[in-house]
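# Chain and residue survey
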Amino acid sequence: MNYNSTRNKNRVVSASQAIAQGISEEGGLFVPQELPRYSVDDIRELLSADYRGRAKKIMGDFLPDFSAEEISESVDAAYTAEKFGGSDPAPISYIESGDRKMALLELWHGPTCAFKDMALQILPHLLTKSVKKTCSDKEAVILVATSGDTGKAALEGFRDVDGTKIMVFYPVDGVSPMQKRQMATQKGENVSVVAIKGNFDDAQTGVKKIFTDNAIKEKLAENDMLFSSANSINWGRLLPQIVYYFSAYCEMVNEGRIALGDKINVCVPTGNFGNILASFYAMNMGLPVNKFICASNSNNVLTDFIKTGTYDKKRHFYTTISPSMDILVSSNLERLLYHLSGEDDKKVASFMASLSSEGAYTVDEEIKASLEKYFWGGYCNDADTQKTIGDLYRNENYLADTHTAVAVNVYEQYVSETGDNTPVVIASTASPYKFAKAVLSAVTDGELPSDEFAMVDELSAKTGTEIPAPLAGLKNAQERFSFECAVDEMAQTVLSGLGIN
Ligand SMILES: *Cc1c(COP(=O)(O)O)cnc(C)c1O
């Protein structure tokens with residue numbers, strides 16, 4: 001199996017090239033040329049496997065230039081009971097009330113308490129092996145611009161991984177107190193964290209500039225290094241996410257919640273469209289899915305797109321209590337457009353050109369029809385998000401984070417509008433303790449303490465839920481990184497950080 005670029009079908013690369021390179025030269029994203037197909041009998045065979053067994057089978061089918069040992073080694077190193085707080089890295093909590101059957105797929109039991117760990121714990125293994133296969137013995141330098149969750153998950157994934165260095169840039173005033181503390185206390189010999197005096201866009205633009213600066217690239221090459229990317233345009237981040245949809249389905253069958261072959265719905269709180277796209281790939285491989293429910297916060301560009309066929313990023317940007325979904329350009333939508341258009345690379349390239357020049361594009365009737373066939377979009381503002389957190393806690397004794405609550409709220413809207421009660425898998429994407437302030441104020445009427453860790457303690461005392469160990473440990477952790485730099489000093493900071501200036 002090889003991979004194509006969404007903007008140029010003539011570009012064909014191997015799986016390891018796609019992962020090592022991250023993004024195609026002309027800006028397209030790599031997509032598999034064909035998908036492995038699983039019959040109901042094939043899914044039956046996955047029932048008796050554990051998460052890791054399922055991951056080995058599914059990922060192996062996408063990575064023909066990896067040996068079975070390499071896949072096995074990567075999966076076993078990534079999804080340990082120690083890192084994920086138990087033998088199942090993605091456990092399910094069921095909420096069944098009335099005719100609602102919700103399976104909350106908890107993807108946040110990893111080291112950084114957000115779903116990004118599901119991919120970023122294994123990506124370093126896939127990436128270092130891919131670099132070895134394609135570019136011999138160079139050291140991979142991972143640069144990340146983050147608005148919070150990705151940076152920490154990437155740091156934790158790449159920490160002390162041989163043959164890699166990682167440097168994360170975050171906006172000095174643009175992340176939550178907990179996220180800042182998570183990054184500032186990061187352990188590892190090959191990591192560095194820099195706060196930049198600017199916003200997230202400045203950080204991202206700065207990183208992109210460094211990636212494409214030929215003088216810097218040459219300097220790296222002279223020192224046997226190369227840049228690589230850990231953000232969600234890399235196929236190596238999407239692939240591990242396909243696994244948990246199959247695995248959740250198997251668990252539901254094993255527990256008698258559904259029968260093998262039954263259809264499910266899938267509802268995902270969405271930002272960059274990576275997580276929900278992984279479930280769409282799963283369906284195209286044979287997972288029985290009826291509908292994909294795409295949940296957004298007030299940055300509802302995707303809701304409008306699914307309803308109208310016009311993607312228009314020219315709108316107000318809201319800073320919300322679900323910050324990991326505060327995004328107006330959902331990069332992975334490009335992959336969906338490629339598949340829904342019948343793999344029309346020219347059409348995708350023209351949509352993307354129009355998005356960058358006009359800030360908008362409109363798809364044709366055919367794409368719009370298949371978009372509507374598979375997807376339903378809805379959104380939820382901050383007040384309704386907090387109301388949902390409160391209702392879920394009081395009525396179901398389930399404590400959800402802000403992102404998960406957006407999904408539950410939008411799912412309820414979907415059922416009210418359509419009457420479709422198909423059992424649903426809802427992606428639960430972060431621990432409520434990562435967003436303690438918003439969650440605590442949703443479940444109490446009292447005044448909030450001002451200190452982040454006092455809020456964390458109070459949330460635990462009030463709800464009787466456990467503070468995840470990785471977050472509890474931050475309270476007394478040593479701060480290692482307090483370095484701040486100006487936006488125009490980023491390139492110099494990278495070079496001196498690598499010791500090659
Ligand atoms: C990144 C993130 C999302 C959005 O996921 P996408 O794959 O970008 O759509 C949702 N919730 C949380 C907690 C996240 O960290």
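Report follows, based on the coordinates.

Rules and cut-offs
- Residues numbered from 1 in each chain as written.
- Predicted model: local features only at pLDDT ≥ 70, side-chain atom pairs only at ≥ 80, totals over all residues.
- Heavy atoms only, no water.
- Pairing = 2+ DSSP bridges.
- Helix = DSSP H or I, 4+ residues; strand = E, 2+ residues; numbered from the N terminus.
- Axes fitted to C-alpha atoms, helices over the stretch in contact; angles between N-to-C directions.
- Contact = heavy atoms within 4.5 Å.
- Near = heavy atom within 4 Å.
- Polar contact = N/O pair within 3.5 Å; in protein donor to acceptor, adjacent residues only side chain to side chain.
- Areas by Shrake-Rupley, 256 points an atom, 1.4 Å probe, with all protein chains shown as cover.
- Nonpolar A, V, L, I, M, F, W, Y, C, P; charged D, E, K, R; others polar.
- 1 Å grid on protein atoms, 1.4 Å probe; cavity = no way out; pocket = protein on both sides within 12 Å on 5 of 7 lines; lining within 4 Å.
- Points joined across faces, edges and corners; volume = space filled by probe spheres on them.
- Buried < 20%, exposed > 50% of the residue type's maximum accessible area, 1.4 Å probe, protein only.
- Right-handed = clockwise from strand over helix to strand, strands pointing away.
- Core = buried A, V, L, I, M, F, W, Y, C linked by side-chain atoms within 4.5 Å.

## With respect to the sheet that holds strand E11 (residues 289-296)
As summarised here, the arrangement of the six strands in space is E4-E5-E15-E10-E11-E14, forming an open sheet in which the pairing is mixed. Since the sheet does not close on itself, it has two edges, and those belong to strand E4 (92-97) and strand E14 (375-379), each with one partner. Averaged over all adjacent pairs, the angle separating strand axes in this sheet is 20 degrees, with direction ignored. Looking at chain direction, E4 and strand E5 (residues 100-106) are connected through six bridges and run antiparallel. Across the sheet, tyrosine 94 pairs through a bridge with alanine 103, a residue of E5. Lying over the sheet, helix H12 (residues 274-285) contacts strand E10 (264-269), E11, E14 and strand E15 (424-428), oriented at roughly 175 degrees with respect to E11.

## Focus: the site of the ligand
Taken together, 15 residues surround the ligand, and among them Lys116, Asp149, Gly271, Asn272 and Thr429 come closest. Here an oxygen atom of the ligand sits 2.7 Å away from a polar atom, N or O, in the main chain of asparagine 272. Within the side chain of serine 324, an N or O atom sits 3.4 Å from an oxygen atom of the ligand. If the ligand stood free it would expose 390 Å²; the protein chains cover 96% of that surface. For the shell around the ligand, the per-class residue count stands at five nonpolar, eight polar and two charged.

## Section: the layout of surface pockets
Taken as a whole, the second largest pocket holds about 600 Å³ of empty space. Lining of the second largest pocket is provided by 27 residues; of these, Trp108, His109, Glu466, Pro468 and Ala469 occupy positions nearest its centre. Residues belonging to the lining of the second largest pocket are distributed by class as follows: 14 nonpolar, seven polar and six charged.

## Remarks on the pairing of strand E7 (residues 164-171)
Of all eight residues in E7, seven are buried, a share of seventy percent or more. Bridge count for strand E6 (residues 139-145) against E7 is six bridges, and the pairing is parallel. Counterpart to isoleucine 142 in the pairing with E7 is isoleucine 166. Handedness of the crossover joining E6 and E7 through helix H7 (residues 149-158) is recorded here as right-handed. You can see the chain leave E7, run along helix H8 (residues 177-184) and come back into strand E8 (residues 191-196), and the turn it takes is right-handed.

## Observations regarding the nonpolar core
Among the nonpolar cores identified, the biggest contains 110 residues, and Ile242, Phe246, Tyr361 and Phe375 are the most heavily contacted of them. Ranked by residues supplied to this core, first place goes to helix H11 (residues 235-254) with 13 residues. Among residues more than four places away in sequence, those in contact with phenylalanine 246 are Tyr38, Ile43, Leu46, Ile58, Ala282, Met285 and Leu287. Trp108, Cys267, Ala407 and Val415 belong to the second largest nonpolar core, which has 22 residues in total.

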